[in-house]
Every structure is written in structure tokens, then in C-alpha cells.
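Below, each chain spelled out in residue letters.
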Amino acid sequence: MSDATVFSQSRQIAFSTPAAMVDLERLLKEFLLGVGEALSYNGIILGHIKVMAKIPAGGELLFLSLTRLDQVDSKASPAWNRAEDAGVDSLELTINVLVFGYSRKTVETVVNTALQRALIQG
Amino acid sequence: MHILLFGGFLGSGKTSVILQLAKRITASGQETVAIIENEIGEDGIDDILLSAGGFTVKPLFGGCVCCQITSDLVSAVDEISRTLNPDWLIIEMTGLAVPGNVAKLIRRYDASGAKCKTITIVDAGRWAELKEVLEPLVVSQVQESNLIIVNKADIAGPDIETTIADVRTIVGQVTILTASAAGQLPPELFEEVINLE
Ligand SMILES: Nc1nc2c(ncn2[C@@H]2O[C@H](COP(=O)(O)OP(=O)(O)OP(=O)(O)O)[C@@H](O)[C@H]2O)c(=O)[nH]1
Ligand SMILES: [Mg+2]
């Protein structure tokens, strides 16, 4: 098998209507799963899909990770858990996809599609 | 200063183990830790996660070619030993690096004379598939390692015995521990990791 594909990108997401903190984590997990499903091999990822979400206003952080389709992990900074839920109108994402068996172009398309589905249209 | 060099395939649990280990070492306030975080990609995530845990982290970004990053790594080790001189320097390699090769370079070029132990984390939930598709890489990662931690025991099911047996054929007499870094790791595991005998 050839080299791993490295896809690393920062994205700003603006919500037209503010998103609730509880929804954010669910939507982000949906995003990771969307990416993972398109890049999986026998239910696992031949690599690692990682996303760090930051709320620009308060700097709260959520770390998400996927190595297999039946497990999306997230780890919140203490500030994320304490954040007042006044609704979040924007989000900064650091997306790191490292995977074997798929081209950079494919990974890019998959990330964009999943992002659109989970966080932009919804 | 002692060096603990962590390797193992992408997403095997290196950062999860390091976070607990660093907390454990520093808990008593007797010993200090610094971390070098070698990441692939333009923006780091693990370095921020570990910094959020309150640790001193030096990020090293690079391509996925481990030979390209080694001169930077050797300089970073040198700088940390001269400035912070922590009791423990924990290095997280990228999930594509071969820990045995990196350790050789550190042992050859590091002027501080620090002892360097390599620990490879194996993902018990993905070993069979990874070995099927990426055998040369995953096999080289466990070879020439001083300690193997077969992680994600919680999700591996009975196949974990096959994984351990398979890893055993590659590593010979080297100690193999099983663990689940998703939960609290046991004190015996930390003892083994920091045992430099
Ligand atoms: N079920 C389970 N999941 C685990 C365990 N250890 C780590 N994980 C999860 O596996 C994923 C990868 O863990 P990390 O600690 O980020 O792995 P890593 O080796 O540092 O990953 P890279 O630095 O990207 O190569 C995360 O989603 C963790 O929550 C474990 O023992 N059991
Ligand atoms: Mg890591």
C-alpha cells in the first residue's frame, strides 16, 4: 500500500441561527461519522480522523476522534462543560484526517460533503 | 532527565496513555515532565489537548517522513535538556514513525546522555486489519521496542489473545502489557513504563 494521505484543514463555520451546546457535540460527532463511513475498511479506519472544535468567543474546546465506526470519542475542555448555553453562532474547526487507501482529493470531497450535511445545512 | 519515547499506529492511544502518565508522574509534586509532540499536518491537535492538561508541550510539525523530522527532534531534545531539564521527557512520535529507528538516532546524537525507553502502543481493536493491509509498518513499529502496550482491551473481545500471541512472535521476550486507556490505567502499568532497568 502506498503512503498515507494527510489532509489537514482549518475551517470557520458560521451558523445562521445560533446552535445549542448540546446539539453541537451531536452534530460534530455526525460529521466525524460521515467522514469515517466514507473512508472505512471493514468497519475501521486505516488511520485516524481527528477534529478540534473551538468556540472563538470563549475559547472552549472539544476534541473528537474516530478510529472505528462504532465509536466516536469526544473530550471536552473544562470550559466547554462550564459554558453558558446562550447559543453558539460560530465555530472554528481544525480537521486532521490521516488515512491509507484514499487519495487527497477523495478525502477533501468526503470532508466537504460531511461538513455540509452535518454542520452547514443543518 | 530520562526519555520515554511513545510510538504506535495512528490512533492507537498514545496521547491517551501519555496524558494519564504525565498526571501520574507529576501528581506528587516531586518530579517534572515535559512533552514533545510530533504531529503530522499543519495544525496540531494533540499538543493543545496535552497543554490543556497543564503540561509543558513542545510541538514539532512535519511531514509523515520520520527521517525528515529526526534532526528537529534531536535539537528539541537537546534544547529541553539544557533549558527545562525535566525529570522525564515524554515524546509522542507520529503514528507513522518507527520508534526503534527514532530511538537509535536519539541514542546516537543526544549529548545529554539521557536513558531512552521506547514504548509501542498496539490497537487491539484494529491489529488484524492493520496487519493485513499495512504489515511492514505495524510490524516495524513493534520491533525493537522496549515495552509493548496492547491497548483498547475493553473493545477487543476474545481476539485480543490472538493479537498478543501474534505480537509475541514479533517481539520475543519483550514485556507485553494489556490496557484500556479509555479508563483509569493501573499503577502497575505506570511502574513498568517508568522502569528503566
Ligand atoms: N475503546 C477504547 N478507546 C480508546 C482507548 N484508548 C484510546 N482510545 C480512543 O482511541 C482514539 C485515539 O486515541 P489517541 O490517544 O488520540 O491515539 P494516538 O495514538 O495519540 O493518535 P495519533 O496521535 O493521532 O496517532 C481516541 O478516540 C481515544 O479516545 C481504549 O483503551 N479503549
Ligand atoms: Mg496522539
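Residues numbered from 1 in each chain as written. Chains lettered and ligands numbered in written order. Predicted model: local features only at pLDDT ≥ 70, side-chain atom pairs only at ≥ 80, totals over all residues. Heavy atoms only, no water.

**Regarding the overall build of chain A**
The secondary structure content of chain A amounts to 3 helices and 6 strands. Beginning at the N terminus, the succession of helices and strands in chain A can be written as β-α-β-β-β-β-α-β-α. Relative to the compact-globule value of 14 Å for 122 residues, chain A shows a C-alpha radius of gyration of 14 Å, a close match. Each of the three principal axes of chain A carries a C-alpha extent, and together these read 50 × 25 × 20 Å. Counting over 122 residues, chain A shows a buried share of 48%. Pairs at least 24 apart in sequence give 73% of the contacts found in chain A among residues at least 6 apart. (Helix = DSSP H or I, 4+ residues; strand = E, 2+ residues; numbered from the N terminus. Rg over C-alpha atoms; globule rule 2.2 N^0.38 Å. Buried < 20%, exposed > 50% of the residue type's maximum accessible area, 1.4 Å probe, protein only. Contact = heavy atoms within 4.5 Å.)

**Some thoughts on the packing of helix α1 (residues 21–38) of chain A against helix α3 (residues 104–120) of chain A**
Residues and elements named next belong to chain A. At a minimum axis distance of 8 Å, the contact between α1 and α3 shows a crossing angle of 150°. Relative to α3, the element α1 is oriented roughly antiparallel. With respect to the hand of their crossing, α1 and α3 are arranged in right-handed fashion. From α1, L27, L28, E30, F31, G34, V35 and A38 reach across to α3, where they touch V110, V111, A114, L115, A118 and L119. Residues belonging to the contact of α1 with α3 are distributed by class as follows: 11 nonpolar, 1 polar and 1 charged. (Axes fitted to C-alpha atoms, helices over the stretch in contact; angles between N-to-C directions. Parallel < 35°, antiparallel > 145°, perpendicular 65-115°, else oblique. Left-handed = near helix turned anticlockwise from the far one by under 90°. Nonpolar A, V, L, I, M, F, W, Y, C, P; charged D, E, K, R; others polar.)

**Focus: the interface of chain B and chain A**
In this assembly, 26 residues from chain B lie in contact with 25 residues from chain A. Inspection of the region where chain B meets chain A yields 1 salt bridge. The partner of D46 of chain B in a salt bridge is K50 of chain A, and the shortest N-O contact between them spans 3.0 Å. At the boundary of chain B and chain A, one finds 9 residue pairs in polar contact (both at pLDDT 80 or more). Sorting the residues of the side of chain B that touches chain A by element identifies β2 (33–40), α2 (46–52) and α5 (127–142) of chain B as the ones contributing at least two each. Per element, the largest residue contribution to the side of chain B that touches chain A is 6 residues, and it comes from α5 of chain B. (Salt bridge = Lys/Arg side-chain N within 4 Å of Asp/Glu carboxyl O. Polar contact = N/O pair within 3.5 Å; in protein donor to acceptor, adjacent residues only side chain to side chain.)

These values are about where atoms sit, not about what they do.
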